Amino acid sequence: MRCVMAVDDSVTMRQMVSFTLKQAGYEVVEAADGRDALSKLREQRVSLIITDLYMPNLDGIELIKQVRASPSYRFTPILMLTTESQGSKKSEGQAAGATGWIVKPFQPEQLLKVVKRVLP
Amino acid sequence: MSDSGKVLRVTPDLFVLAVAVVFGVLGVAIWAPLAFVAWALATIAAGLALRSLANARSHLETPQASMCAISRIETDALPEDQVDRCPDDTELLEPLRSDIKHCEIAEEKLGELNQQSSSDSSNAEQQQLMIEACQTFLDEARSIILLLLAHLENINKQTEAAALSIGERFETIVKASDDQQAQTLHLAQQFVPGKGGAADIIGEGIGNLLSMVQEFSTRLEDNAKLLAQVTALVKLPEEVRSFAQEIRFISDQTNLLALNASIEAAHAGSRGAGFGIVAQEVRKLSERSASAGRSITQLSRDIERDLRKLQQALAESAGWAEERTRLASEVGHVIRDRVEAMTGEMRRATTAVKDAGEQISSEISKAVVSLQFQDITRQEIEHVSGSLEALLAKMNQARPFEQEMLDSVGSLKHLEALYTIDDERQTHLAILSKQERTATSTCAEVLASGRRRAGKEDDLGDNVTLF
């Protein structure tokens, strides 16, 4: 079963992402912020990371940079799921190594389409 | 004189801040689900407050104009549109009224001082009084801001808990619906032919029954043929008896001839003795043939009786078998029709259950979108809190007449930097340029755009960018 990591400081958002993906048969690991995500990634291998941008402790961009620095996660798709829609921020995300950018709120079927598209 | 002008001008501007923020945030407190509306009001409030600070700064350069503005304190303090939004909330306006009172006192004192003297010493006293009035107002404004911050935090906590609870309930509903659907479909499978379920077992049973009926029918036809043969045989003994009758007639005639021959032999005397013996033998033969004729008649009667019994038994048995076969065939066809009707009903029920399941999924999917607005409004409320906190910090650090406090450009930049949502930025711009807000991405609009996209396989939506 494909395992997806959902990183967001909002419990509601994590719940919605997790619910949507589990319904479609994915396994989901949740993390409350970038730091939590990094520590969980050390314990468990995931096929996709969906992360928020603005989070306490470690934000989304910094998380992507650190994840990309690890050889085992160099090619893992990372989707940004955030309220931010500014072009400059998106470019920053792209430069850090994000695979795609989704502006909140997402539609469940839309998220599933994107996930299917980016998963190898 | 110029210092007094600065101080007095700051006061009405801060009233604008206080009134607007109170309306915005109390709007939220009254009804948490309308947090979004409240956010808009609070943002307007922050915008107005910072604009007011900007105005204050411009007035610093024209102290004379500021002095003239003193007389307008009360009318400026409560802009009409703000009052109109919530005319019934008189209690909420109480703290503001007391602030207005402070300003009225300050104005009065300033008037008195103006009349009394224009010397340097009275100017200093005048300034001191104004500073005191302003400090009182600032203290109250601080308390209000602290209160609003506490309310906002509370609102965020409560709406998050509520949204989470709704989400959990949806998960339970979806699970129950899925289970129910799975069970119904499993049950329905029993009635779908070719799946090894009850339908197949019943179908096989009926098939066997009907093929047995068919076999019986074939046997019944054979039976009928047999009966016809037996019926034909029943007529034969009668024919045999007519031959036996003929034999008796011949035997009687032979007997008569033998008797006549014996009489003729007696008449012939000794010469007829041999002929007499022959006549006697002929008579014996006629008696034997008469006896054989009787035996044949008796035997034919026996045969006829037995054949009739057999014919009757065959006819009865055929009737019984025919009746039973007809019943079995009827039962078989009735069961088959009922099973077919049941299968059709099951098929319709299965379709209905599937349709209902799809409808639930679609509704849940909309709910997933709606619930995300909790996170969006939470962020918006946090940005309002952030700018209120910044304002409070500034009020705590600086004295009201210091330049730093009035650095409105810095405050606006700070507020703008907090935004992460397009809607916030557009509201900010619209308020500052005094235009109507046109861009709002409400939950209903997001759902509508989702419906428009539905069915287009490749379209991921406007809010998705793949690098």
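Source: prediction; values computed, not measured.

A few words now on the overall build of chain A. Across its full length, chain A holds five helices and five strands. Along its sequence from the N terminus, chain A presents helices and strands in the succession β-α-β-α-β-α-β-α-β-α. Across the 120 residues that make up chain A, the buried fraction comes to 49%. Across chain A, the fraction of contacts at a sequence separation of at least 24, relative to all contacts at a separation of at least 6, is 59%.

The next point concerns the overall build of chain B. For chain B, the helix and strand inventory stands at 13 helices and one strand. Secondary structure of chain B in N-to-C order comes out as α-α-α-α-α-α-α-α-α-α-α-α-α-β. Here chain B holds 467 residues, and the buried ones make up 23% of them. Of all intrachain contacts in chain B linking residues separated by at least 6 positions in sequence, the fraction that spans at least 24 positions is 79%.

Moving on to the interface of chain A and chain B. In this complex, chain A contributes 29 residues to the contact, which on the side of chain B involves 29 residues. Those elements that provide at least two residues to the side of chain A that touches chain B are α1 (11–23), α4 (87–96), β5 (100–103) and α5 (108–118) of chain A. Per-element accounting of the side of chain A that touches chain B gives the leading share, eight residues, to α1 of chain A. Along the lines of polarity and charge, the residues of the side of chain A that touches chain B split into twelve nonpolar, twelve polar and five charged. The pairing of β5 of chain A with strand β1 (residues 464–466) of chain B spans three bridges and is antiparallel. Among the inter-strand pairings, I102 of chain A is bridged to a residue of β1 of chain B, identified as V464 of chain B.

Looking at α5 of chain A, one finds that the buried residues are P108, Q110, L111, V114 and V115 of chain A. Relative to the axis of α5 of chain A, the buried residues are bounded by an arc of 160° and lie together on one face. Where the residues of α5 of chain A are buried, they touch α1, β3 (48–51), β4 (78–82) and β5 of chain A together with α10 (273–397) and β1 of chain B.

The next thing to look at is the pairing of β3 of chain A. Residues and elements named next belong to chain A. Alternating positions in β3 separate into two faces, L48 and I50 on one and I49 and T51 on the other, with burial throughout. Across four bridges, strand β1 (residues 3–7) lies against β3 in parallel orientation. Across the sheet, residue A6 finds its bridge partner in β3, namely I50. In this sheet, β4 lies alongside β3 in parallel orientation, the contact comprising three bridges. Of the residues in β4, the one forming a bridge with I49 is I78. Viewed along the sheet, the connection from β3 through helix α3 (residues 60–69) into β4 turns out right-handed.

Residue and element names in this part refer to chain B. Confidence in the prediction for chain B averages 75 pLDDT; 68% of positions are at 70 or higher. Mean pLDDT across the elements of chain B ranges from a minimum in helix α3 (residues 63–69), with 37, to a maximum in helix α9 (residues 236–267), with 92. Note that pLDDT drops below 50 for residues 1–12; the model gives that stretch 38 contacts with residues more than four away or on any other chain. Considering only residues more than four positions removed or in separate chains, one finds that residues 23–42, a stretch of pLDDT under 50, has 40 contacts.

The contact between α1 of chain A and α10 of chain B brings their axes to 8 Å, and the two run at 155°. Considering their axes alone, α1 of chain A and α10 of chain B lie roughly antiparallel with respect to each other. Seen along the crossing, α1 of chain A lies across α10 of chain B with a hand that is left-handed. Of α10 of chain B, the residues touching α1 of chain A (which contributes T12, M13, M16, F19 and T20 of chain A) are V368, L371, Q372, Q374 and D375 of chain B. Among the residues making up the contact of α1 of chain A with α10 of chain B, the classes are represented as five nonpolar, four polar and one charged.

For the rest of this paragraph, the subject is the nonpolar core. The biggest cluster of nonpolar side chains holds 36 residues, and the ones touching the most others in it are M5, V7, I49, I50, L79, M80 and I102 of chain A. The element best represented in this core is α1 of chain A, accounting for five residues. Those residues in contact with L79 of chain A that sit more than four places away from it in its chain are I50, T99, G100, I102, V114 and V118 of chain A. Counting 15 residues, the second-largest nonpolar core is a separate cluster that includes M130, A133, I381 and L388 of chain B.

This paragraph deals with the packing of helix α8 (residues 198–234) of chain B against α10 of chain B. Residue and element names in this part refer to chain B. Running from amino to carboxyl end, α8 crosses α10 at an angle of 160°, the nearest separation of the two axes being 8 Å. The orientation of α8 with respect to α10, classified from their angle, is roughly antiparallel. Judged by the sense of rotation from one axis to the other, the crossing of α8 with α10 is left-handed. Split by residue class, the contact of α8 with α10 holds 23 nonpolar, nine polar and four charged.

For the rest of this paragraph, the subject is the sheet that holds β4 of chain A. Ordered in space as β2(A)-β1(A)-β3(A)-β4(A)-β5(A)-β1(B), the six strands form an open sheet in which the pairing is mixed. A strand with exactly one partner marks an edge of an open sheet, and here the two such strands are β2 (27–31) of chain A together with β1 of chain B. Going across the sheet, the axis of each strand differs from the next one's by a mean of 15°, ignoring polarity. Where α5 of chain A meets the sheet, its contacts fall on β3, β4 and β5 of chain A together with β1 of chain B, and the angle it forms with β5 of chain A comes to roughly 175°.

Another point: the pairing of β5 of chain A. All names here are of chain A. Taking every second residue as pointing to the same face, both faces of β5 are buried, with G100 and I102 on one and W101 and V103 on the other. Direction of pairing for β4 relative to β5: parallel, over a ladder of four bridges. Pairing of M80 across the sheet is with W101, part of β5. You can see the chain leave β4, run along α4 and come back into β5, and the turn it takes is right-handed.

Attention now moves to unusual backbone geometry. Here the bond from K104 of chain A into P105 of chain A is cis, since omega is 0°, no more than 30 degrees from zero. Relative to the elements of secondary structure, P105 of chain A occurs in the loop between β5 and α5.

We now examine the environment of Q94 of chain A. Residue and element names in this part refer to chain A. Inspection of the secondary structure assignment puts Q94 in helix α4. Note on Q94: 16 C-beta atoms within 10 Å, which makes it partly exposed. Distance in space between the C-alpha atoms of Q94 and M80 is 9.7 Å, their sequence separation being 14 residues.

Glancing now at the confidence of the model for chain A. Mean pLDDT over chain A stands at 93; residues scoring 70 or higher make up 99%. Across chain A, the secondary-structure element scoring lowest on mean pLDDT is α5 of chain A, at 92, and the one scoring highest is β3 of chain A, at 97.

The rules behind each value
Residues numbered from 1 in each chain as written. Chains lettered and ligands numbered in written order. Predicted model: local features only at pLDDT ≥ 70, side-chain atom pairs only at ≥ 80, totals over all residues. Helix = DSSP H or I, 4+ residues; strand = E, 2+ residues; numbered from the N terminus. Buried ≥ 20, exposed ≤ 12 C-beta atoms within 10 Å, placed from the backbone. Contact = placed C-beta atoms within 7 Å. Nonpolar A, V, L, I, M, F, W, Y, C, P; charged D, E, K, R; others polar. Pairing = 2+ DSSP bridges. Arc of directions from axis to C-beta. Right-handed = clockwise from strand over helix to strand, strands pointing away. pLDDT = per-residue confidence, 0-100. Axes fitted to C-alpha atoms, helices over the stretch in contact; angles between N-to-C directions. Parallel < 35°, antiparallel > 145°, perpendicular 65-115°, else oblique. Left-handed = near helix turned anticlockwise from the far one by under 90°. Core = buried A, V, L, I, M, F, W, Y, C linked by C-beta atoms within 7 Å.

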